[in-house]
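Listed here are the chains, written in short residue letters.
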Amino acid sequence: MAFTGVLFPATATGASHRHRHLHPLCPKPRRLSSTTRTLALPSSADLPVLDAPVALAAASSVAALAAALSLSDPERRRRQQAEDVGGGDKEVVRDYFNNTGFERWKKIYGEATEGVNRVQLDIRLGHAQTVENALSMLRDGGPLAGLSVCDAGCGTGSLSIPLASEGALVSASDISAAMVSEAERQAREALADRPDLQMPKFEVKDLESLDGKFDIVVCLDVLIHYPQGKAEAMIAHLASLAESRLVLSFAPKTLYYDLLKRVGELFPGPSKATRAYLHAERDVERALEKVGWRVRKRGFIRTQFYFAKLVEAVPVGLA
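Residues numbered from 1 in each chain as written. Predicted model: local features only at pLDDT ≥ 70, side-chain atom pairs only at ≥ 80, totals over all residues. Heavy atoms only, no water.

Draft legend 1. Region of the structure containing the overall build of the chain. Each helix and strand counted, the chain has 12 helices and seven strands in total. Split into buried and exposed, the 319 residues of the chain put 52% on the buried side. A separation of at least 24 residues holds for 75% of the contacts in the chain among residues at least 6 apart in sequence. With an accessible surface of roughly 13,600 Å², the chain has 54% of that area assigned to carbon and sulfur atoms. (Helix = DSSP H or I, 4+ residues; strand = E, 2+ residues; numbered from the N terminus. Buried < 20%, exposed > 50% of the residue type's maximum accessible area, 1.4 Å probe, protein only. Contact = heavy atoms within 4.5 Å. Areas by Shrake-Rupley, 256 points an atom, 1.4 Å probe, with all protein chains shown as cover.)

Now the structure itself:
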């Protein structure tokens, strides 16, 4: 799920988190440094759209209105969603991305511009930059050819396909059978003229079901579906699958973004059908430290409507 869905109604924004190429009108994404130095992150005052005082005042006003209307409405909607599919968050996510969500998001993930509004194009750019920066982090460690990579939550293959095109041995999975089918189709099309490369191995699996060992594990835009307690367990599980590197992206939890999330929940479009969770960077780091990993590189990707933290972690004993 693209992080903008947390902040704004999905009918207005859509989402883009599995897009293979940048839109031709989009600027080239910023590359991360090849050093292991921590990158400087912008403060909330540097964020686009509104300056901090105006944004906070506006968000506070709407939040007050939300309280006056009904604080329980978002939870009531979520309970109804869970009852409709006979399960919890996971079942809601699976049902959504196999049905109406897949059709909507496939359009956003694609390259066409017809029927895609300005905000959706901005989100497309934002996630494309996240994918490019994740690839940059991985390339900084040397050639990817021959390395085993787990793409956990592969969507329609925006990361799996370029990894395979560089010779990586990719195992890709997603909770949505519709997404996996689309990823396989796109991979066959993209790699058809490269018989020297190994096609990614695609499977329909949730994160909890992943097993095996890989040189690298990457999980982009998936932790947004997990509350903090489950996210901590999931980070530990993903780390247990990785031999040398783990790359994660997540929606940042700050006062600013939390207020915007609350505002967005007041106006849930019909495509906003999944619960969204923000995570504090320190909580993610703490979860990694508990299992003997440390953050080596980090980045922050933002466009006007897309915000994501990106971290690369390695075992503590790895130089």
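So that's the structure; there's more coming.
Draft legend 2. Representation of the nonpolar core in the model. In terms of nonpolar packing, the biggest core is built from 32 residues, with L163, V218, L220 and V247 touching the most fellow members. Mapped onto this core, the elements with two or more residues apiece are α7 (118–139), α8 (160–165), β2 (169–174), α9 (177–190), β4 (214–219) and β7 (307–315). Take this core: its biggest share by element is seven residues, from α7. One finds L238, A242, V284 and W293 within the second-largest nonpolar core, a separate group that totals 27 residues. (Core = buried A, V, L, I, M, F, W, Y, C linked by side-chain atoms within 4.5 Å.)

Draft legend 3. Fine view of the pattern of salt bridges. The tally for this structure, following the rule as stated, stands at 15 salt bridges. With a closest N to O distance of 3.3 Å, R185 and E189 form a salt bridge. With R185 and E189 both in helix α9 and four residues apart, this pair spans about one turn of that helix. Look at R185 and you get partly exposed, because its relative accessible area is 37%. Taking relative accessible area as the criterion, E189 reaches 60% and is therefore assigned exposed. Between E312 and R296 there is a salt bridge whose closest N-O contact spans 3.4 Å. In this pair, E312 is assigned in strand β7 and R296 in strand β6 (residues 293–302), connecting sequence segments 16 residues apart. A single network of salt bridges, built from pairs that share partners, joins E281, E285, R298 and K309. (Salt bridge = Lys/Arg side-chain N within 4 Å of Asp/Glu carboxyl O.)

Draft legend 4. Representation of unusual backbone geometry in the model. Backbone geometry at D221 places phi at a positive 60°, although glycine is not the residue there. As for its placement among the helices and strands, D221 is situated in the loop between β4 and α10 (228–241). Accessibility expressed as a relative area gives 0% for D221, which makes it buried.

Draft legend 5. Structural context of the packing of α10 against helix α12 (residues 281–290). Relative orientation of the contacting elements α10 and α12 amounts to 40°, with a least axis distance of 9 Å. For the element pair α10 / α12, the angle class is oblique. Read as a crossing pair, α10 and α12 show a hand that is right-handed. On α12, the residues touching Q228, E232 and I235 of α10 are D283, V284, A287, L288 and K290. Its residues assigned to classes, the contact of α10 with α12 comprises four nonpolar, one polar and three charged. (Axes fitted to C-alpha atoms, helices over the stretch in contact; angles between N-to-C directions. Parallel < 35°, antiparallel > 145°, perpendicular 65-115°, else oblique. Left-handed = near helix turned anticlockwise from the far one by under 90°. Nonpolar A, V, L, I, M, F, W, Y, C, P; charged D, E, K, R; others polar.)

Draft legend 6. Inspection of the confidence of the model for the chain at higher detail. Per-residue confidence for the chain averages 75 on the pLDDT scale, and 61% of its residues sit at or above 70. Taken together, the stretch residues 65–74 has pLDDT below 50 and engages in three contacts with residues farther than four places along the chain or on a different chain. Low confidence marks residues 78–86, where pLDDT is under 50. Its contacts with residues over four positions away, or in another chain, come to 12 contacts. (pLDDT = per-residue confidence, 0-100.)

Draft legend 7. Molecular detail of the pairing of strand β1 (residues 148–152). Extensive coverage of β1 is indicated by the burial of five of its five residues. With burial as the criterion, each face of β1 is covered, one bearing S148, C150 and A152 and the other bearing V149 and D151. In this structure, β1 lies alongside β2, joined through five bridges in parallel fashion. Opposite C150, over in β2, you have S171 as the bridge partner. (Pairing = 2+ DSSP bridges.)

Draft legend 8. A look at α12. Taken as a whole, α12 has its buried residues at E281, V284, E285, A287 and L288. The arc that holds the buried residues of α12, viewed along the axis, is 160°, so those residues lie on one side. Contacts from the buried residues of α12 go to α10, β5 (242–250), β6 and β7. Immediately beyond the C-terminal end of α12, within one or two residues, lies G292, with a positive phi of roughly 80°. (Arc of directions from axis to C-beta.)

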